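Residue strings, one per chain:
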Amino acid sequence: MKLRKQLRSLIVASTLAIGASAGQAAEFINVLTGGTSGVYYPLGVSLTQIYGKVLPDAKMSVQATKASAENLNLLQAGKGEIAFTLGDTLSEAWKGNPEVGFKAPLNKLRTVAAIYPNYIHFLASADSGIKSLADLKGKRVSVGAPKSGTELNSRDILKAVGMGYQDFAKVEYLGYSESVELMKNRQLDATLLSSGLGVAAVRDLATALKIVVIPIPADVVAKIGDAAYQSGTIPANTYNGQTTDVNTVLVPNYLVTHAGVSEDMVYKMTKSMAENLDTMATAHAAAKAIKKERMANGSPVPLHPGAEKYYREAGLLK
């Protein structure tokens, strides 16, 4: 009898422990970002501060990653609760494009919000002689981390002007920090960074050496043939030595989650973010472009029910 009672007590204790573990798992928020010198990472940190006020029992973490493609694959595998991504990469993930790193459609993805646009920064050292996209031929170029959103941008832009990686003397597949360091050391002639305006990596490079921001004309953007790519301008004096406006490409960014995250949690995350955009703008100037009235704007991936609930309540979704 005594043994039976002990066993019963152990079973009850185990059940309670399992229940507690499940509860903790449901209240864990891992924010998938990008490299620490980009825009995603500081904005991810600010999101944990915002979410913490409405989800005080949730355990928050910010994970530095290779950004868009890696983030979406991690979400599909349930290894994160919310992530930053470029719109063009999100579209390829939803379709399942193996060339971009998606072996099958990532059907668990759900959109939380449209945020700020990325500006394509195609940068060259002034002493390289590069002034246009055509001048990149025969040069040493970093095109972004392998199968990242930035690398996808590189491929699409080069294809639009009839070029490819084979036209370069050397191709490097590196993230922002590594590319900038090689540029500083004169081991690269040019690199492409896809980020919000004022990104630290470009400011750092422009301070260390004289750079040229290579223009990407509107006709080139049109030739890409993807609605995710839009014409835009990097305003004069955004970076040291950049004294004129430069035409470039804009690509919208999104916050994305997966279908397994609860409606209540996503509702609270979406609402708290919309009501604290000033906190995000303090974390990085790129977030000044996030507008509450545009957060529900079209995405290649359906809205999460929690986000949709908030947007309908706020009158932001018809």
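Residues numbered from 1 in each chain as written. Predicted model: local features only at pLDDT ≥ 70, side-chain atom pairs only at ≥ 80, totals over all residues. Heavy atoms only, no water.

Focus: the nonpolar core
Phase 1 of the analysis: Among the nonpolar cores identified, the biggest contains 97 residues, and Leu-72, Leu-109, Leu-136, Ile-216, Met-273, Met-280 and Ile-290 are the most heavily contacted of them.
Phase 2 of the analysis: Per-element tally for this core: the top contributor is strand 4 (residues 109-125), with 11 residues.
Phase 3 of the analysis: Beyond its immediate sequence surroundings of up to four residues, Leu-136 is in contact with Phe-122, Ile-130, Val-141, Leu-158, Met-163, Phe-168, Ala-190 and Ile-214. (Core = buried A, V, L, I, M, F, W, Y, C linked by side-chain atoms within 4.5 Å. Buried < 20%, exposed > 50% of the residue type's maximum accessible area, 1.4 Å probe, protein only. Helix = DSSP H or I, 4+ residues; strand = E, 2+ residues; numbered from the N terminus. Contact = heavy atoms within 4.5 Å.)

Side note on the pairing of strand 4
Phase 1 of the analysis: Here strand 4 lies mainly inside the structure; 15 of its 17 residues are buried.
Phase 2 of the analysis: By the bridge criterion, 8 bridges tie strand 4 to strand 10 (residues 246-258) in an arrangement that is antiparallel. Pairing of Leu-109 across the sheet is with His-258, part of strand 10.
Phase 3 of the analysis: Across 6 bridges, strand 4 lies against strand 7 (residues 190-195) in antiparallel orientation. The residue bridging Ile-120 from the neighbouring strand is Ser-194, located in strand 7. (Pairing = 2+ DSSP bridges.)

Re the packing of aromatic side chains
Phase 1 of the analysis: Enumeration over the complete set of coordinates arrives at 5 aromatic pairs.
Phase 2 of the analysis: Plain terms: the ring middles of Tyr-40 and Phe-84 are 5.0 Å apart, the flat faces sit at 25° to each other, and that makes the pair stacked. Here Tyr-40 is found in helix 2 (residues 40-54), whereas its partner Phe-84 is found in strand 3 (residues 82-86), with 44 residues between them in sequence.
Phase 3 of the analysis: Every member of this aromatic cluster is reached through a ring pair, and the members are Tyr-165, Phe-168 and Tyr-173.
Phase 4 of the analysis: A cation over an aromatic ring shows up here: Lys-309 above the ring of Tyr-267, its NZ or CZ 5.0 Å from the ring centre. (Phe/Tyr/Trp six-rings, centres within 6.5 Å; stacked < 30°, edge-to-face > 60°. Lys NZ or Arg CZ within 6 Å of the ring centre and 35° of its normal.)

Topic: helix 11 (residues 305-313)
Phase 1 of the analysis: When we look at burial in helix 11, the residues that qualify are Gly-306, Ala-307, Tyr-310 and Tyr-311. End-on, the buried residues of helix 11 take up no more than an arc of 135°, which puts them together on one face.
Phase 2 of the analysis: Looking at the buried residues of helix 11, the elements they touch are strand 4 and helix 9 (263-274).
Phase 3 of the analysis: Positive backbone phi, approximately 70°, marks Gly-315, located one or two places after helix 11. (Arc of directions from axis to C-beta.)

Regarding the confidence of the model for the chain
Phase 1 of the analysis: Across the chain, the average pLDDT comes to 90, with 92% of residues at or above 70.
Phase 2 of the analysis: Counting interchain partners and residues more than four positions distant, the pLDDT-below-50 stretch residues 1-25 has 0 contacts. (pLDDT = per-residue confidence, 0-100.)

So, the environment of Asn-237
Phase 1 of the analysis: By secondary structure assignment, the location of Asn-237 is in the loop between strand 9 (230-234) and strand 10.
Phase 2 of the analysis: With a relative accessible area of 58%, Asn-237 lands in the exposed category.
Phase 3 of the analysis: The contacts of Asn-237, once residues within four sequence positions are left out, are Gln-242 and Thr-243.

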